[in-house]
Amino acid sequence: MPTPWATHLDGRPATAEDLAPLAFAGDAHFTAMQVRGGRVRGLDLHLARLRRASAELFGRDLDDERVLSCLRAAVTAGPPDLSLRATVYAAEQGSGLRILVRTGPPATPPEGPLALAVAEHERFLPAVKQTGETAKAYFQRRAVADGYDDAAFVDRRGRLSEATIWNLAFWDGSAVVWPVAGRLEGVTMAILRRRLAASGVPQADREVTVADLPGLSGAVVMNSWTPGIPVRRVGDADLPEPGAFVKLLHQAYLDEPLAGLEKSCSPR
């Protein structure tokens, strides 16, 4: 049965022969986004993420226009609303970079509120959105087995950093608090930071431990699926319902305009 979803390698439909070498390829990074009406929020941030990660992993990057061309080919092959994942990898040692783009149904995030187990874990190269990362799936499964919805990570100093596939954010009653520790800065997080700044909402970068949570007024998780799902508990610490905080984040996200894929939206 024909599918509306695309799997493209370097801007062309991928064959089984193209994809076979990827079965054992772990040296890659990606960005994930939600496309609505053929357009994307934070497109400049996605492009910047791919450039930075390629430079970190491979010492070189892909031209924005090439990336946009590959994204556009996959998006125009499907319906106007979809999920998209763009993965960059080096096929062979010393070879050029390649880009695999896959599309699928639009994401439906959980409603929450979520209960998060606490796991001590520090990711290698946390600023790079890497493929694989078995530890994230392992800690998520273990959290569910223990009666939680997902897991949040603390580092060796006890600082909360992020959750398995989510960024964390907190509300202290007057400001959005972003936890300071080794973590990925997600595109949704970056969108919110700049929109909150533009609207004058106070923000603070602060070390946050589980012991600090009773003094906070709410917590959320966020990723490309959503700008905020409420968190009701982290480990043994209960958190108040952050209704107004969630609404604030969702409105800030909607303030970010959707960008088309027809041209680069930021200078190199």
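Cut-offs applied
- Residues numbered from 1 in each chain as written.
- Predicted model: local features only at pLDDT ≥ 70, side-chain atom pairs only at ≥ 80, totals over all residues.
- Heavy atoms only, no water.
- Helix = DSSP H or I, 4+ residues; strand = E, 2+ residues; numbered from the N terminus.
- Contact = heavy atoms within 4.5 Å.
- Buried < 20%, exposed > 50% of the residue type's maximum accessible area, 1.4 Å probe, protein only.
- Pairing = 2+ DSSP bridges.
- Right-handed = clockwise from strand over helix to strand, strands pointing away.
- Core = buried A, V, L, I, M, F, W, Y, C linked by side-chain atoms within 4.5 Å.
- Polar contact = N/O pair within 3.5 Å; in protein donor to acceptor, adjacent residues only side chain to side chain.
- Salt bridge = Lys/Arg side-chain N within 4 Å of Asp/Glu carboxyl O.

(A) Fine view of the side chain of His121. With respect to the element layout, His121 can be found in the loop between strand E7 (114–120) and helix H4 (134–145). In contact with His121, not counting residues within four places along its chain, are Ala135, Phe139, Phe153 and Val154.

(B) Geometry of the pairing of E7. Of all 7 residues in E7, 5 are buried; the element is thus mostly enclosed. Across 3 bridges, the pairing between E7 and strand E14 (residues 226–234) is parallel. Within E14, the position partnered with Leu114 by the bridge is Val231. Of the pairings in the sheet, the one linking E7 to strand E8 (residues 150–154) comprises 5 bridges and is parallel in character. Its bridge partner being in E8, Leu116 is matched across the sheet by Asp150. Tracing the backbone out of E7, into H4 and back to the parallel element E8 gives a crossover that is right-handed.

(C) How the structure looks around the pairing of E8. Across the 5 residues of E8, 5 count as buried, placing the element largely inside the fold. Residues Asp150, Ala152 and Val154 of E8 are buried on one face, and the alternating residues Ala151 and Phe153, pointing to the opposite face, are buried as well. The sheet contact formed by E8 and strand E9 (residues 160–163) spans 2 bridges and is antiparallel. Directly across from Ala152, in E9, lies its bridge partner Ala163.

(D) Looking closely at the nonpolar core. Core analysis: the biggest nonpolar cluster contains 23 residues, and Leu71, Leu84, Ile99 and Val101 have the highest contact counts within it. At the level of elements, strand E3 (28–36), helix H2 (43–58), helix H3 (64–76), strand E5 (82–90) and strand E6 (97–104) are the ones that each hand at least two residues to this core. The dominant element in this core, judged by the number of residues it contributes, is H3, at 6 residues. Those residues in contact with Ile99 that sit more than four places away from it in its chain are His8, Leu9, Asp10, Leu62, Val67, Cys70, Ala86, Thr87 and Val88. Core analysis: the next-biggest nonpolar cluster, separate from the first, contains 20 residues, Leu114, Leu160, Val221 and Leu239 among them.

(E) Up close: the side chain of Ser83. Looking at where Ser83 falls in the secondary structure, it is placed in strand E5. In terms of polar contacts, Ser83 uses its side chain to reach the side chain of Gln34, at 2.8 Å. From its side chain, Ser83 meets the backbone nitrogen of Ala107 in a polar contact 3.2 Å long. If we skip the residues at most four places from it in the chain, Ser83 touches Met33, Gln34, Arg102, Thr103, Gly104, Pro105, Pro106 and Ala107.

(F) The arrangement of the pattern of salt bridges in detail. Within the structure shown, the criterion is met by 15 salt bridges. A salt bridge links Glu162 to Arg123; the nearest nitrogen and oxygen atoms lie 2.8 Å apart. Residue Glu162 is found in strand E9, and its partner Arg123 is found in the loop between E7 and H4; the two are separated by 39 residues along the sequence. Ionic pairing is found between Glu207 and Arg159, a salt bridge with its closest N-O pair at 3.1 Å. Highlighted residues: Glu207 in the loop between strand E12 (203–206) and strand E13 (218–223) and Arg159 in the loop between E8 and E9, separated in sequence by 48 residues. By relative accessible area, which is 40% here, Glu207 ends up partly exposed. According to the relative accessible area criterion, Arg159 is buried, its value standing at 13%. One network of salt bridges, in which partners are shared, links Asp44, Arg194, Arg195 and Glu256.

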